[in-house]
Amino acid sequence: MSGRALLMGLALASALSSCAPKTSDRDGVVTLRFWGLGREGEVVRDLMPEFQRRNPNIHVEVQQIPFTAAHEKLLTAFVGRVTPDLAQVGNTWIPELATLGALQPLDERIRRSAVVNPADYFSGIWDTNVVEGAVYGIPWYVDTRLLFYRTDLLVAAGFPRPPRTWNEWVEAMRRVKARGGPGHFAVLLPVDEYEQPVIFGRQLGADLLRDGGRYGDFRSPAFRQAAGFYVGLYRNGLAPVLANAQIANVSQGFARGDYAFYITGPWNVGEFRRRMPPEMQGRWSTAPLPAPDGSRDWPGVSLAGGASLAVFRGAAHPEEAWKVIEYLSEPAVQVRFHELSGDLPPRASAWTAPSLAGDPQVRAFHEQLQRVAPAPKVAEWEQIAAQIWQCLEPAIRGHESVDDALTDLDARVDQILEKRRAVLARSPRAR
Amino acid sequence: MPADGITAMKRAARAEARAAWLFLAPGLGVIFLFFLLPIAAAFLLSLTDFDLYAVADWRNLRLIGFDNYLRLLRDPIFWKALGNTFYFVLVGGPLTVVLSLAAALMIQSKLTRFRGLFRTAFFAPAVTTLVAVATVWRYLYHPRFGLINHALQWIGLPAVDWLGSTRWAMPAIIILSIWKNFGANMIILAAGLQNIPESLYEAARLDGAGWWAQLRHVTLPMLGPTFLFVGVMTCIGYFQLFAEPFVLTRQGEPLNSTLSVALLMYKEGFRWWNMGYAAAVAFVLFVVILAATTLQVRASRRGEA
Amino acid sequence: MKKSRVATVLLHAALVLGAAATLFPLFWMITASLMPTGEANSDPPPLLPSRVTFEHYGELFTRLNLGQAFFNSTLLATAVTLLSLFLNSMAGYAFAKLRFRGRGKIFGFLLAALVLPTQVAVLPLFLLLREMHLISSYWGVILPGMASIFGIFLVRQFALSIPDELLDAARIDGASEFRIYSEIVLPLCRPILVTLAIFTFLGTWNDFLWPLVVLTDQSRYTLPVALANLFGEHVQDTELMMAGSVLTVLPVLLLFLFLQRHYIQGLLMGGVKE
């Protein structure tokens, strides 16, 4: 028995070593490792055959990582020195990855490129990819949040058009809630999302951080007002206190009229069209965000979200990775990508396509994209963002006051930024 | 020739020792390199502020002494995680062991038929994959479509927002853990029961002891060492609570009410890569487990004396 | 007499109820995995599928590529089992039967280390394997699992019962120490090796934290990691997730059912250590 076991062990060992990561490329065919996130990781596979046809010597191996785990997976790969050649990265992660030296600057490639033309991109979105004057990612799709609403419920509540100011919006929510009765709410704001409070803060001019990103600035008057407004929506019963995990089916609740408003992004346009019953189509639409009272600029500012394509410094095949980026950046491919995924292209030239220009529910995003602001560009942003909703949740649930929550938030953010302060003090240029 | 005999014996003994070390080397080497050394290194790591900045550039690594521990003591989230972990261990542990004992007593009862069948049924969850069954339970706990709430309503109890409320999320995790773990303890306790000589029960019955008195005065004392073993192992395992909240509540939600020390370590270490701080968390967990184990063993010794 | 009959009925009622409650989650996992999409989320949730469908299993193996994870889990569990069986049995035998200085002390130290929580080792272990360039490789999972204190302990307890005369006789016949180990000790230890093999296989198959951390590449994911990954993407698809759970649980459950006796024996060996 032992002899056989030993032999089997040896056979296994050789099997294992032959299964080692493919670094050698046979027959001149280069294998490119590409990490796509969430649905995009799935959809991009359908775009690859055309690329493969044009580049028979490049084999693209797409891996799909869930969005919820993507950030930590990317960091783990960076620490473990096993980053892919190319990845889709949330544009708020770019400052972090660039600071760590995980990404290749792309300026030289952009200059030489016939496809990637910075002037053709929404400037607010392009800007999120620039760290210390260098470009580290090419926007792939844009993602900004705005108002999804039930047109029929709003009309029934006496609002023929979507609200443009906070006052109007709150009034509309009050009436919708009153008509809906018990068990119904007016707006869905998952408590475990930081975007909503940050958007309200940005609309009121809050900077979020101060002293060059060295300290938290969440007790500023602007953010205090924003947080008060946000928390008030729950406390007044306009928004249900629900985390994403507890919401079984967003579109079902929206169709049932559990809420008439939902602040969310473009991916839900496709979701709602797919998942809501046919008789509900035509009873919902999208609109740019309302602006704070007294502000003349409508629409109100939203976050410059989205994902970019970035090449890792440890990439085995950076040239080929850039080819994939160029291919995915072609306006025609972007339109096709939009049709497959519902994601919105970052390039103006792609927006002339009829599938985008002729879609009323998508048009609101075009308008909103003219008014977007980036998240603070510090490496610690993801950590800070998680703290924002975690600190506000007790206030939402009525366990503590908004001011206490913000004091707590500032303290935690200052702690998170401690290392950044030390690094900046050591070498002011290293960010 | 006694001298020759002695050198021959010495040579044989030396050969045996050499063989022993050759046999031991691979196994002990693996355990040392991949288990003992990392545990020692965890302590050293906890004295630094090793993080992503340090991964990118070694010059960003600072030796900070016990600062991480001081920071831990001031961090309300750490205390919350520690409190949750103790809640889980102190409530879930005894419940698991008591239920295991009840199951073992039923299985070993002389009246029981189809013993093997019941034993297999009770034991089945113990071999299942935690991640998979936790996923199953997550749907069972769903406030609206979950079968647990439907069962509750069927017997006239109100539905519970299991994973969404700070009050019920930890009990939900405890129930899952009891379900998963009682079977394994049951097997060990059942074996312990088998080893109790029947004559003791006969003597007790002659003294007029009823079922309860027999349990208290014969079964439990005789089960002592087995009980201690089961208790210690359950305790060590439960202190390391991780995958259950990872799957059921992801971040330890709601409001960190299911955040365990191990999950905090994971979040700090592998989500944010604050490795120094995470190592301090891990080391506190280590000390807590060691202390709890020692305490249990001491207490049982005193009980025996 | 009458009283004992009442007791018997009550006892069996409790046993049946307990067994039903214990098996119910596993039962529902299987039935829900066979339901058409969306059916498990109806109100009230059905216990049985209105129509049995295997489409979710099909989806797992085609589009979602869980077949790869199944292969990885099988490969890793097998590799760890075989290698650890080899290393643990050698060390366990040495502790039981070979005399050398410090034997008692080293063994006592190992026993004490049995209470050390593995989670504490995870952070530095990652950094160590990083230096060895083994992150996201199969070896990253295999190497740390190649020996275990528990396994050594189990083999040692069993090997103690091997009569010394048998080994000494072989030595006098001029057998080498390795031959004694492989041709006398191993066959005699067969029962405990089978137990240990099942233990290790199940343990590796079910392990989560370490594979989650060390396997960053999807083509290397084990089933639990792939399942958690899938969960992030398909929370709303109850039936699909249940199919994934069945795929993960069923192999080990079957293994256990067939080899139950050996598994339980091992559990008891661990239990009598006090």
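How each quantity is defined
Residues numbered from 1 in each chain as written. Chains lettered and ligands numbered in written order. Predicted model: local features only at pLDDT ≥ 70, side-chain atom pairs only at ≥ 80, totals over all residues. Helix = DSSP H or I, 4+ residues; strand = E, 2+ residues; numbered from the N terminus. Rg over C-alpha atoms; globule rule 2.2 N^0.38 Å. Buried ≥ 20, exposed ≤ 12 C-beta atoms within 10 Å, placed from the backbone. Contact = placed C-beta atoms within 7 Å. Pairing = 2+ DSSP bridges. Core = buried A, V, L, I, M, F, W, Y, C linked by C-beta atoms within 7 Å. Axes fitted to C-alpha atoms, helices over the stretch in contact; angles between N-to-C directions. Domains from an automatic or database assignment. Nonpolar A, V, L, I, M, F, W, Y, C, P; charged D, E, K, R; others polar. Parallel < 35°, antiparallel > 145°, perpendicular 65-115°, else oblique. Left-handed = near helix turned anticlockwise from the far one by under 90°. pLDDT = per-residue confidence, 0-100. Expected span 1.5 Å × (residues − 1). Arc of directions from axis to C-beta.

Chemist: Please explain the overall build of chain B as it appears in this structure.
Modeler: Helix and strand content of chain B: 13 helices and zero strands. Ordered by position from the N terminus, the helices and strands of chain B form the series α-α-α-α-α-α-α-α-α-α-α-α-α. Over its C-alpha atoms chain B spans a radius of gyration of 25 Å, topping by over 25% the 19 Å that the globule rule assigns to 305 residues. If you line up chain B on its principal axes, its C-alpha atoms span 80 × 70 × 35 Å. Residues classed as buried in chain B amount to 46% of the 305 residues present. Within chain B, contacts between residues separated by at least 24 positions form 68% of all contacts whose residues are at least 6 apart in sequence.

Chemist: How should I be thinking about the pairing of strand S6 (residues 138-143) of chain A in this particular structure?
Modeler: In the case of a regular strand, side chains alternate between the two sheet surfaces. Residues and elements named next belong to chain A. Counted residue by residue, S6 has six buried out of six residues, so it is predominantly covered. Sheet topology note: the S6/strand S14 (residues 305-311) ladder contains five bridges and is antiparallel. Across the sheet, Tyr 141 pairs through a bridge with Ala 307, a residue of S14.

Chemist: Explanation requested: the nonpolar core in the structure shown.
Modeler: Generally speaking, nonpolar side chains in soluble globular proteins are found buried as a group. Core analysis: the largest hydrophobic core is formed by 312 residues, its most contacted members being A:Val187, A:Phe261, B:Val281, B:Ala282, B:Leu285, C:Ala91 and C:Ile142. Looking at this core element by element, the count peaks at 17 residues for helix H3 (residues 66-97) of chain C. When neighbours within four sequence positions are excluded, A:Phe261 is seen to be in contact with A:Leu147, A:Phe148, A:Tyr149, A:Met173, A:Ala186 and A:Val187.

Chemist: What is the right way to read the sheet that holds strand S7 (residues 146-150) of chain A from this model?
Modeler: The strands that make up a sheet pair up through hydrogen bonds in the backbone, lying either parallel or antiparallel. Residue and element names in this part refer to chain A. Taken in spatial order, the four strands of this open sheet run S8-S11-S7-S12, and their pairing is mixed. Each edge of the open sheet is held by one strand with a lone partner, namely strand S8 (187-188) and strand S12 (284-287). Looking at chain direction, S7 and S12 are connected through four bridges and run antiparallel. Within the sheet, the bridge partner assigned to Phe 148 lies in S12 and is Thr 286. Contacting S7 and S12, helix H16 (residues 360-369) runs over the sheet at an angle of about 15° to S12.

Chemist: Sorry, what's going on with the domain arrangement of chain B here?
Modeler: Where interface size is given, it is often the accessible area lost as the parts come together that is meant. The domains assigned to chain B are domain 1 (2-37) and domain 2 (76-304). Taking the mean C-alpha position of each, domain 1 of chain B and domain 2 of chain B sit 42 Å from one another.

Chemist: Explain the sheet that holds S14(A) here, please?
Modeler: Residue and element names in this part refer to chain A. Ordered in space as S2-S1-S3-S14-S6, the five strands form an open sheet in which the pairing is mixed. Two strands in the sheet have a free side with no partner beyond their single neighbour: strand S2 (58-65) and S6. With strand direction ignored, the average angle separating the axes of adjacent strands in the sheet is 20°. Sheet topology note: the strand S1 (residues 30-37)/S2 ladder contains eight bridges and is parallel. Note that in S2 the partner of Leu 37 across the bridge is Ile 65.

Chemist: Looking at this model, I keep getting lost on the domain arrangement of chain A. Mind explaining?
Modeler: Residue and element names in this part refer to chain A. Per the domain assignment, the segments making up chain A are domain 1 (25-144 + 304-358) and domain 2 (146-302 + 377-426). Listed per partner, the contact involves 14 residues of domain 1 and 12 residues of domain 2. For the side of domain 1 that touches domain 2, the element with the most residues is helix H4 (residues 94-99), which contributes three residues. Of the residues in the side of domain 1 that touches domain 2, the class split is four nonpolar, six polar and four charged.

Chemist: Would you mind going over the packing of helix H6 (residues 130-140) of chain B against helix H12 (residues 223-234) of chain C with me for this structure?
Modeler: Two numbers describe a pair of packed helices, the interaxial angle and the distance between the axes. One way to put it is that H6(B) packs onto H12(C) with a least axis distance of 8 Å and a crossing angle of 30°. Taken together, the axes of H6(B) and H12(C) lie roughly parallel to each other. Contact residues: B:Val131, B:Ala132 and B:Thr135 in H6(B); C:Pro224, C:Leu227, C:Ala228 and C:Phe231 in H12(C). Its residues assigned to classes, the contact of H6(B) with H12(C) comprises six nonpolar, one polar and no charged.

Chemist: Just checking my understanding: could you explain the interface of chain C and chain B for this structure?
Modeler: On the side of chain B, 77 residues touch chain C, which itself brings 72 residues to the contact. When its residues are assigned to classes, the side of chain C that touches chain B shows 55 nonpolar, 12 polar and five charged.

Chemist: Even after reading the chapter, I still don't get the packing of H3(C) against helix H6 (residues 138-145) of chain C, so can you show me in this structure?
Modeler: All names here are of chain C. Between H3 and H6, whose axes approach to 9 Å, the crossing angle comes to 30°. Judged by the inter-axis angle, H3 sits roughly parallel to H6. Note on packing geometry: the crossing formed by H3 with H6 is right-handed. In this structure, H3 uses Leu 76, Ala 79, Val 80, Leu 83 and Ser 84 to contact H6, whose residues at the interface are Tyr 138, Val 141, Ile 142 and Gly 145.

Chemist: What should I look at first to understand the confidence of the model for chain A in this one?
Modeler: Close inspection of predicted coordinates is inappropriate in any region flagged by low pLDDT. Confidence in the prediction for chain A averages 89 pLDDT; 92% of positions are at 70 or higher. Within the model, pLDDT remains below 50 along residues 18-24 of chain A, and this stretch shows five contacts once partners closer than five positions in the same chain are excluded.

Chemist: I keep staring at helix H10 (residues 221-235) of chain A and nothing clicks. Help me out?
Modeler: Each α-helix turn comprises 3.6 residues. Residues three or four places apart therefore point the same way. Residue and element names in this part refer to chain A. The terminal C-alpha atoms of H10, which comprises 15 residues, lie 20 Å apart, in line with the 21 Å expected from a rise of 1.5 Å per residue. Every buried residue belonging to H10 is among Phe 223, Ala 226, Ala 227, Tyr 230, Val 231, Leu 233 and Tyr 234, and all of these are buried. When H10 is viewed along its axis, its buried side chains cluster within an angular range of 145° and face the same direction. Elements that come into contact with the buried residues of H10 comprise S8, helix H9 (195-203), helix H17 (381-396) and helix H18 (402-416).

Chemist: Honestly, unusual backbone geometry in this entry has me stumped. Any pointers?
Modeler: Note: most peptide bonds trans; most residues except glycine with negative phi. We note that B:Leu255 has phi near 50°; this positive angle belongs to a residue other than glycine. Mapped onto the elements of the fold, B:Leu255 is located in the loop between helix H11 (243-248) and helix H12 (261-271). Look at B:Leu255 and you get partly exposed, because 19 C-beta atoms sit within 10 Å. Residue C:Asn65 is not a glycine yet carries a positive backbone phi of 60°. Take C:Asn65: there are 16 C-beta atoms within 10 Å of it, and that puts it in the partly exposed class.

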